[in-house]
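In case you want the letters, here they are:
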Amino acid sequence: MPTHDDKYNIDYPYINFRYSGPQDVSSSRLSKPMYTKKDGSYISQGRDLSDKDRSWLNYYYLPFVARSDTYLELDSVVYDGNNTRLTEQQRLQIQAQLNNGNPTPPAGGRIINNF
């Protein structure tokens, strides 16, 4: 965790947040200048998801398919918290864990998504 000294451009909060490495200044989550450096300049917005953005999303969220029933179906592409794509076997293992051991979703429960 950074300390309050001159080698950092930002004063970090020390409560109620998850710290996972250096500040990701290329993050697309910075849609406007959200941070002001100690010298008064701003951190600009990134245009694409950075590796740290993807890692954060993959660590906290699973990509589910919209369904009208209670089955939790994972998308065909799932990454782990290190941005590594899971094999089909790993994906099905997680899907089975989420559904009391059943890796196969019931037929007819998918909600059509035309986005």
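Counting restarts for each chain: residues are numbered from 1 in the order of the written sequence. Residue-level local features of this predicted model are given only where pLDDT is at least 70; pairs of side-chain atoms are given and counted only at 80 or more, and the full residue set underlies all totals for whole chains, interfaces and linings. Excluding hydrogens and water, the side-chain values take into account all heavy atoms of the structure.

K.L.:
What is the right way to read the overall build of the protein chain from this model?
P.N.:
Helix and strand definitions follow DSSP, with helices as H or I runs of at least four residues and strands as E runs of at least two, each counted in order from the N terminus. Of the regular secondary structure elements, the protein chain holds two helices and zero strands. Relative accessibility decides the category of a residue: with a 1.4 Å probe and only protein chains considered, values under 20% of the type maximum give buried, values over 50% give exposed, and everything between is partly exposed. By the burial criterion, 20% of the 115 residues in the protein chain qualify as buried. Here, two residues are considered to be in contact whenever any of their heavy atoms come within 4.5 Å of each other. Of the contacts made within the protein chain by residues no fewer than 6 positions apart, 41% connect residues no fewer than 24 positions apart. Accessible area of the protein chain: about 8,800 Å², with a carbon and sulfur share of 51%. Exposure was quantified through the Shrake-Rupley algorithm and a 1.4 Å probe, taking into account, for residues, occlusion by the shown protein chains and nothing else.

K.L.:
I tried to follow the pattern of salt bridges on my own but got confused; where do I start?
P.N.:
Close approach of charged atoms allows side chains with opposite charge to pair. Within this document, salt bridges are pairs made up of a side-chain nitrogen of Lys or Arg and a carboxyl oxygen of Asp or Glu, the two lying within 4 Å of each other. Using the criterion set out here, one finds four salt bridges in the structure. A salt bridge links Glu73 to Arg67; the nearest nitrogen and oxygen atoms lie 2.7 Å apart. In this pair, the class of Glu73 matches that of Arg67, namely buried. Each of Arg67, Asp69, Glu73 and Arg110 takes part in salt bridges that share partners, so that together they form one network.

K.L.:
How do you make sense of helix H2 (residues 88-98) when you look at a structure like this?
P.N.:
Side chains of residues three or four places apart in an α-helix project in the same direction, reflecting 3.6 residues per turn. Within H2 the residues assigned to the buried category are Arg91, Gln95 and Ala96. One face of H2 carries all of its buried residues, which in axial projection span an arc of 135 degrees. Facing away from the buried side of H2 by more than 90 degrees, the exposed set consists of Gln89 and Gln97. Asn100 lies just past H2 and shows a positive phi near 55 degrees. Here, the arc refers to the directions that run from the helix axis to the C-beta atoms.

K.L.:
How should I be thinking about the packing of aromatic side chains in this particular structure?
P.N.:
To describe a pair of aromatic rings, one takes the distance between the centres and the angle between the planes. In this analysis, rings of Phe, Tyr and Trp, with Trp reduced to its six-membered ring, are considered paired at centre separations within 6.5 Å, and the interplanar angle assigns stacked below 30 degrees, edge-to-face beyond 60, and tilted for intermediate values. Enumeration over the complete set of coordinates arrives at one aromatic pair. Here the aromatic rings of Tyr59 and Tyr60 are separated by 4.9 Å at their centres, their planes lie at 80 degrees, and the arrangement is edge-to-face. Among the residues examined, Tyr59 registers a relative accessible area of 51% and is labelled exposed. The exposure class assigned to Tyr60 is partly exposed, which follows from its relative accessible area of 38%.

K.L.:
Hey, could you run me through the confidence of the model for the protein chain in this one?
P.N.:
Where the model shows low pLDDT, its predicted coordinates should not be examined in detail. Of the residues in the protein chain, 64% have a pLDDT of 70 or more, and the chain-wide mean is 77. As a per-residue quantity, pLDDT reports the predictor's confidence and falls between 0 and 100. Low pLDDT (under 50) marks residues 1-6, which in the prediction has 13 contacts with non-local residues, meaning those over four places away or in another chain.

K.L.:
Help me understand a nonpolar patch on the surface in this model?
P.N.:
A cluster of nonpolar side chains, contributed by Leu49, Leu57, Tyr59, Tyr60 and Tyr61, occupies part of the molecular surface with about 520 Å² of accessible area. Secondary-structure assignment places Tyr59 in helix H1 (residues 51-60). The patches reported here contain residues having more than 30% relative accessible area and no salt bridge. Joining distances are 9 Å for like charges and 5 Å for nonpolar side chains (Val, Leu, Ile, Met, Phe, Trp, Tyr).

K.L.:
Would you mind going over the environment of Leu72 with me for this structure?
P.N.:
Mapped onto the elements, Leu72 comes out in the loop between H1 and H2. Linking Leu72 and Gln97, residues 25 residues apart in sequence, is a C-alpha distance of 9.8 Å. In contact with Leu72, other than residues within four places in its own chain, are Phe64, Gln95, Leu98 and Asn99.

K.L.:
Mind showing me how you'd approach the side chain of Asn99 here?
P.N.:
By the element assignment, Asn99 lies in the segment after H2. Taking the relative accessible area as the measure of exposure, Asn99 reaches 11% and is therefore buried. Ignoring any residue separated from it by four or fewer positions in sequence, one finds Asn99 in contact with Thr70, Tyr71 and Leu72.

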